[in-house]
Amino acid sequence: MAKDEKDKAAAEDAPKKGGKKKLIMILAIVLVALAGGGAGGYFMFAPKKAEAEVLVAGIVVPLDAITINLADGHYLKLKMTLQATDKAAEAPDGSKALDAAISLFSNMDSKELLTNDGREKYKTQLKEKVVKAYTVDKEKEIMDVYYTTFVIQ
């Protein structure tokens, strides 16, 4: 009987196997479920990104050619056309666009403008300035700028 009493006492003193494992597994399952629910809620109720604004082309307005002094003694002869949107109430005058072109290209080195990459880079900058200048109450009146003459002398 002494042996049976020792076995009983040892069994009572020994920690129960699997208790910690069960607790860890339950916590892991709960955490995964919470994370999944949180991600699902985010994707369902997160504010939607603004859809890209679709601009509809309107009239095309050709502007008179201008000559701009460049920094290295050269000149840029620039003639451009504005592509208006359908939101434009009337044909926009070119004064804002010509002013933006003069402020962008004045005193610029001709070497920057002689390459295709340079010309496109500055055309993008010019377009941004022109679109901003002709935006009224968040309604864009100009959607693009086209060079029709671009000559450096």
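Conventions used here
Each residue is numbered by its place in its chain's sequence as written, counting from 1. The model is predicted, so local features are restricted to residues of pLDDT at least 70 and side-chain atom pairs to those at 80 or more, both for listing and for counting; the totals for chains, interfaces and linings are taken over all residues. Note that the side-chain values use all heavy atoms of the structure and ignore hydrogens as well as water. A residue's pLDDT is the predictor's confidence in that residue, given on a scale from 0 to 100. Helical segments are the DSSP runs of H or I of at least four residues, strand segments are the runs of E of at least two, and each set is numbered from the N terminus. A simple rule labels every residue: compare its accessible area, found with a 1.4 Å probe on the protein chains alone, to the largest value its type can have, and call it buried under 20%, exposed over 50%, or partly exposed in between. At least two DSSP bridges between two strands are needed for those strands to be called paired. We call Phe, Tyr and Trp rings a pair once their centres come within 6.5 Å, taking the six-membered ring for Trp, and we label the pair stacked below 30 degrees between planes, edge-to-face above 60, and tilted otherwise. Geometrically, a lysine NZ or arginine CZ counts as sitting over a ring once it is within 6 Å of the ring centre and also within 35 degrees of the ring normal. Positive: Lys, Arg. Negative: Asp, Glu. His and the chain ends are not part of the count. Put simply, a salt bridge is a Lys or Arg side-chain nitrogen that is within 4 Å of an Asp or Glu carboxyl oxygen. Here, two residues are considered to be in contact whenever any of their heavy atoms come within 4.5 Å of each other. Residues enter a nonpolar core if they are buried and are Ala, Val, Leu, Ile, Met, Phe, Trp, Tyr or Cys, with the set joined through side-chain atoms within 4.5 Å.

Let's talk about the confidence of the model for the chain
Segments scoring low in pLDDT should not have their predicted coordinates read at a detailed level. Looking at the chain, pLDDT values average 81 and 82% of them are 70 or higher. Looking across the chain, the model is least confident in helix α1 (residues 2-13), with a mean pLDDT of 57, and most confident in strand β2 (residues 66-69), with 93.

Focus: the pairing of β2
Consecutive side chains of a regular strand alternate in pointing toward one face of the sheet and then the other. Across the two faces of β2 the burial differs, with Ile66 and Ile68 buried and Thr67 and Asn69 not buried at all. With four bridges connecting them, β2 and strand β3 (residues 75-85) associate as antiparallel partners. What sits directly across from isoleucine 68, in β3, is leucine 76. The turn joining β2 and β3, which pair antiparallel and follow one another in sequence, is formed by five residues; a positive phi near 85° is taken by glycine 73.

Some words on the packing of aromatic side chains
By the definition in use, this model includes two aromatic pairs. Relative to phenylalanine 150, the ring of phenylalanine 105 lies with its centre 6.2 Å away and its plane at 75°, an arrangement referred to as edge-to-face. Of this pair, phenylalanine 105 sits in helix α3 (residues 95-105) while phenylalanine 150 sits in strand β6 (residues 142-152), and the two are 45 residues apart along the sequence. Just as phenylalanine 105 is buried, phenylalanine 150 falls in that class too. Residue placement shows lysine 123 over the ring face of tyrosine 147; its charged tip is 5.6 Å from the ring centre.

Considering the side chain of lysine 123
Relative to the elements of secondary structure, lysine 123 occurs in helix α5 (residues 116-133). Buried charge without a salt bridge: lysine 123, with glutamate 120 as the nearest opposite-charge side chain at an N-O distance of 4.8 Å. Excluding anything up to four places from it in sequence, lysine 123 contacts Val145, Tyr146 and Tyr147.

Description of the nonpolar core
In this structure, Leu78, Met80, Leu82, Phe105, Leu126 and Val130 are the most contacted members of the largest nonpolar core, which totals 27 residues. Going through the elements one at a time, β2, β3, α3, α5 and β6 are the ones with two or more residues in this core. It is α3 that contributes the most residues to this core, six residues altogether. Among all residues touching leucine 126, those that are not within four sequence positions of it are Met80, Ala97, Ala100, Ala101, Leu104, Phe105, Val145 and Tyr147.

A few points about the environment of asparagine 107
Assignment of secondary structure puts asparagine 107 in the loop between α3 and α4 (110-113). Asparagine 107 sits 35 residues away from aspartate 72 along the chain, and the two C-alpha atoms are 7.8 Å apart. Excluding its chain neighbours within four sequence positions, the residues that come into contact with asparagine 107 are Asn69, Leu70 and Ala71.

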